[in-house]
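Descriptive structure summary
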Amino acid sequence: MLLAAFIITSMQVIVKVINHIPPQEIVFFRALIAFVISYVTLKRQNVNVWGNNKGWLLTRGFVGTLGMVLLFASYQNLPLATAVVLQNLAPLFTAVLAVLFLNKTLKPIQYLFFVLSIIGVIVIKGFDPDVDMFYLIVAVLGALAAAGAYTAIGKLKGKEHPVVIIFYFPFVAVPLTGVWCYYTEWITPMGWDWVALLTIGILSQVSQILLTKAYQSDDDTATVASMNYSSVIYGVVYGILLFGEFFSWQVLMGMLLVVAGSILNLIYTNRKAAISEAKNN
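Residues numbered from 1 in each chain as written. Predicted model: local features only at pLDDT ≥ 70, side-chain atom pairs only at ≥ 80, totals over all residues. Heavy atoms only, no water.

Description of the overall build of the protein
Stated formally: Runs of E in the DSSP output that reach at least two residues are strands. Runs of H or I that reach at least four are helices, and both are numbered from the N terminus. Computation of the radius of gyration draws on C-alpha atoms, with the globule rule given as 2.2 Å multiplied by the number of residues to the power 0.38. Burial classification: accessible surface area is computed with a 1.4 Å probe over protein chains only, and a residue below 20% of its type maximum counts as buried, one above 50% as exposed, and the rest as partly exposed. Any two residues having at least one pair of non-hydrogen atoms within 4.5 Å are treated as being in contact.
Check the secondary structure of the protein and you find 12 helices and 0 strands. In sequence order, the protein lays out its α and β elements as α-α-α-α-α-α-α-α-α-α-α-α. Expected size for 281 residues packed as a compact globule is a radius of gyration near 19 Å; at 19 Å, the protein falls within 12% of this value. In terms of overall dimensions, the protein has a C-alpha envelope of 55 × 50 × 30 Å along the principal axes. Looking at the protein as a whole, 48% of its 281 residues qualify as buried. For the protein, the proportion of contacts with a sequence separation of at least 24, taken over those separated by at least 6, is 90%.

Here you go:
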């Protein structure tokens, strides 16, 4: 999980470096690579690529595409660490959406965790002059869209082959971002841009494999998942070394509040699940 978080953050650095290329175009190329890899994988395993629950599969693809474009835009236009922190709102949004779509329930203390993270967002905006309100909203909406994708995946759990679920992201993303680029702005990649775009696609696939292996391990799920928040540390270090980003103690405190809300909710959720399982046994 630590390596996966590092690779994902490294990919985000590349997205930020090639900020002359629109985020929807970067997602187009990233999805094109994922489409080829996932399609070939399904064919080799003789699995029906179209699945059975097309409504939720298409929903996963659409909101996943939207979320990725918005988050890529935030990486390009916000301090890297700030964008990375804001994307960690996704697990909290997922918990809220699960109430609406997965028949889950939230305890009052979990709403407190949500408020804690939102206060963190307000503190970041209030004390960091480099944070543009528009792109702050873009980042939060990107986290919300990502949460929508996670919710759709939760709805499909046990009903579809995992690679089919993965396949529907590029299946929707390629035509959607292709049309988006056609009607907005297309920047033809030049020279090293191609290397950067290819690297983004490869790193994304490698990180997915590492994430899967991490969650399939015998270790405590909460412990494994909490290691994903090491991406915030990587983001801060990358930001300082590569982009000269430095933060006041107030902004760092805001980041801590955002992450703390997500981690506390993660710990609480897993503890509640463990207690429930123990009672059933």
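Notes on the nonpolar core
Convention followed: We define a nonpolar core as any set of buried Ala, Val, Leu, Ile, Met, Phe, Trp, Tyr and Cys residues linked to one another through side-chain atoms lying within 4.5 Å.
Ile-26 and Phe-72 are the most contacted members of the largest nonpolar core, which totals 53 residues. A per-element tally of this core places helix α4 (residues 80-87) first, with 6 residues. Here Phe-72 is in contact with Met-11, Val-15, Pro-23, Ile-26 and Val-27, once residues within four sequence places are set aside. Leu-57, Leu-156, Phe-167 and Tyr-168 belong to the second-largest nonpolar core, a separate cluster that totals 9 residues.

A look at the side chain of Ser-230
Mapping Ser-230 onto the fold places it in helix α11 (residues 230-243). Residues in contact with Ser-230, not counting those within four places in the same chain, are Leu-2 and Ala-5.

Quick notes on the packing of aromatic side chains
Going by this rule: Ring pairs are drawn from Phe, Tyr and Trp, using the six-membered ring of Trp, whenever the two centres fall within 6.5 Å, and their geometry is named by plane angle: stacked under 30 degrees, edge-to-face over 60, tilted for the rest. We call a charge positioned over a ring when the NZ of a Lys or the CZ of an Arg lies within 6 Å of the ring centre and within 35 degrees of the ring normal.
On inspection of all chains with the given rule, the structure shows 20 aromatic pairs. Aromatic side chains Phe-72 and Tyr-75 sit 5.9 Å apart centroid to centroid with 40 degrees between the ring planes, which places their arrangement in the tilted category. With a gap of 3 residues between them, Phe-72 and Tyr-75 both fall in helix α3 (residues 54-77), about one helical turn apart. Residue Tyr-75 is classed as buried on the basis of its relative accessible area, which comes to 3%. One aromatic cluster in this structure is built from Phe-35, Tyr-39, Trp-50, Phe-167, Tyr-168 and Phe-171. The ring of Phe-243 has Lys-16 lying over it, and the distance from NZ or CZ to the ring centre is 5.5 Å.

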